[in-house]
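# Structure at a glance
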Amino acid sequence: MKFLGITIDLKNIPTYDSGFIPMGRFNHEFLKQAKKPIAICVERDGGLRTVQDTWITGTNHEADKYFVERAVKFLLWARGGYKVTICGDDDIAAHIEKAFSKSGQYAFDNGFMSKVYEKPFEVLSLPFSEKPLENEQSKPVGGKRDGCRIGFDAGGSDRKVSAVIDGEAIFSEEVVWHPKINPDPNYHFEGIVSALKTAASKLPRVDSIGVSSAGIYINNRTMAASLFLKVPQNAFDAQVKDIYIRAAKEIGDVPLTVVNDGDVTALAGAMEFGENNVLGIAMGTSEAGGYIDENGNIKGWLNELAFCPVDAAPYAMIDEWAGDRGCGVKYFSQDGVIKLAQKAGLPIPETLSPGEKLKMIQEMMSDSSQAEIVRDIFRSIGCYLGHTLPYYWDSYKFKHVLLLGRVMSGEGGNLILETAKKVISEEYPKYSFNMHTPDEKARRVGQSVAAASL
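First, a word on scope: everything that follows refers to the structure included in this document. If you're wondering where the values come from, they're calculated on a predicted model, not measured in any experiment. (Residues numbered from 1 in each chain as written. Predicted model: local features only at pLDDT ≥ 70, side-chain atom pairs only at ≥ 80, totals over all residues. Heavy atoms only, no water.)

## Comments concerning the overall build of the protein chain
Within the protein chain one finds 13 helices and 19 strands. Relative to the compact-globule value of 22 Å for 454 residues, the protein chain shows a C-alpha radius of gyration of 21 Å, a close match. Projected onto its principal axes, the C-alpha coordinates of the protein chain cover approximately 70 × 55 × 40 Å. Burial analysis of the protein chain (454 residues in total) assigns 60% to the buried set. (Helix = DSSP H or I, 4+ residues; strand = E, 2+ residues; numbered from the N terminus. Rg over C-alpha atoms; globule rule 2.2 N^0.38 Å. Buried < 20%, exposed > 50% of the residue type's maximum accessible area, 1.4 Å probe, protein only.)

## A word on the packing of helix α9 (residues 334-344) against helix α11 (residues 371-396)
In a packed pair of helices, the relevant descriptors are the angle between the two axes and the axis-to-axis distance. Direction vectors running N to C along α9 and α11 enclose 130°, while the axes themselves pass 10 Å from each other. On the basis of their axis angle, the class for α9 and α11 is oblique. Note on packing geometry: the crossing formed by α9 with α11 is right-handed. Residues Gly-336, Val-337, Lys-339, Leu-340, Ala-341 and Ala-344 of α9 form the contact with α11, whose participating residues are Ile-373, Ile-377, Phe-378, Ser-380, Ile-381 and Tyr-384. Residues belonging to the contact of α9 with α11 are distributed by class as follows: nine nonpolar, two polar and one charged. (Axes fitted to C-alpha atoms, helices over the stretch in contact; angles between N-to-C directions. Parallel < 35°, antiparallel > 145°, perpendicular 65-115°, else oblique. Left-handed = near helix turned anticlockwise from the far one by under 90°. Contact = heavy atoms within 4.5 Å. Nonpolar A, V, L, I, M, F, W, Y, C, P; charged D, E, K, R; others polar.)

## What about the environment of Leu-229?
Within the secondary structure, Leu-229 sits in the loop between β13 (221-224) and α6 (233-240). Taking the relative accessible area as the measure of exposure, Leu-229 reaches 29% and is therefore partly exposed. Put simply, Leu-229 and Ser-138 are 91 residues apart on the chain and 30 Å apart in space, counted from C-alpha to C-alpha. Residue contacts for Leu-229: discarding those within four places in its chain leaves Lys-180 and Trp-321.

## A few points about the sheet that holds strand β6 (residues 122-126)
The strand order across the open sheet formed by four strands is β4-β3-β5-β6, and the pairing between neighbours is mixed. The open sheet is flanked by β4 (49-56) and β6, the only strands paired with a single partner. Between one strand and the next, the sheet's axes are offset by a mean angle of 20°, whatever the strand orientation. Note that strand β5 (residues 83-87) and β6 share five bridges and pair parallel. Across the sheet, residue Val-84 finds its bridge partner in β6, namely Val-123. Those strands touched by helix α3 (residues 90-99) are β4, β5 and β6, and its axis lies near 180° from that of β6. (Pairing = 2+ DSSP bridges.)

## Considering the sheet that holds strand β19 (residues 434-436)
Across the sheet, which stays open at both edges, the four strands sit in the order β16-β15-β18-β19 with mixed pairing between neighbours. Bordering the open sheet on either side are β16 (287-292) and β19, each of which pairs with just one other strand. Direction aside, the axes of adjacent strands within the sheet are offset by 20° on average. Of the pairings in the sheet, the one linking strand β15 (residues 278-283) to strand β18 (residues 400-404) comprises five bridges and is parallel in character. Bridging across to β18, Val-278 finds its partner in His-400. Sitting on the sheet, α11 is in contact with β15, β16, β18 and β19, with an inclination near 140° to β15.

Encoded structure:
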């Protein structure tokens, strides 16, 4: 296939998505033609900066602009930032400034990052020789096992809570709920408090509460989260920003730590393997990413892989929240399963919630008339994953990948893993990392147990 003058040849193509163009493969083929050096710097709070040295062609202008757009997009959501500096090409910088303006193609990204970092979003241009110095930091998190702890995992389809004593879970519970479609913040608050009180009732005392939740959290405050997608902004500011702080007070004066669920996924992996340098990916309501570095620390990166581009196809599915095409949420989540089921023609009632649709599709695996279609759906997701993990590795350099979440449950999860390994072996043999899935229970409640160690 060909896109923007770049030819991409694939041996493995998703059964129900023949137009898929892996972002990493596009980048790889593009860079074969690129000779002009540029640098992309993304700056976030406290003067922390990620700097990516790369190249453009200088002649294929449409491909150059697209490549840099998607590189900036990836860095913003993987690392976080409100200031982008393009070093080495004023024309590309001007294009990025327009594209990421309040009225540009990436207006959502502009507004989101401005909100999270509470600073205006800006794009600057500098000569390549004046590119900023990278400035990263890391800090330890989790791994605490002593005492009586509660771990809460706020998923989009169900919430999980665990009561843990000295590192051993004595109680775990999953409850179905529908936070992404509920505009009432009291619905969310009451669900969280109910879970915490249930776990507390199983413990002689509560020494700490750890929360794993999709979104961006600063000082335990909710800065942005898809769980509260339908909550009006005024109610979000008044009742959601401090929702976990308020919920914890219902248990008493107990220390609280709230961490993005992706980082908790990676932490769960590090605890299970006894090794660090772990990328965690939770495939549930959305795609949550997290990373524990080689020293067992988190980097303060956003790791919002749901919004990172993985498909360069011009007609890739649009995410209804960000308004962008080809981003991870439509490939590695229940949305990805539902999308492929629709393409395969499976009869899925529109009246069901997304979580109920996923469950119904997974149950069709036992129906002989539908089973092979469903298997091909999960093989297609495995094909997506096999093409995408090397692309993620280029940014994270991980040693281990841990795959969690309801999409990874049952036979479907096994097919995803098996297919991803096949794709990597056949098309990306130079990449070396280990892929893991925990046992069936840990796939669903492992994050709540890990959260208890925060």
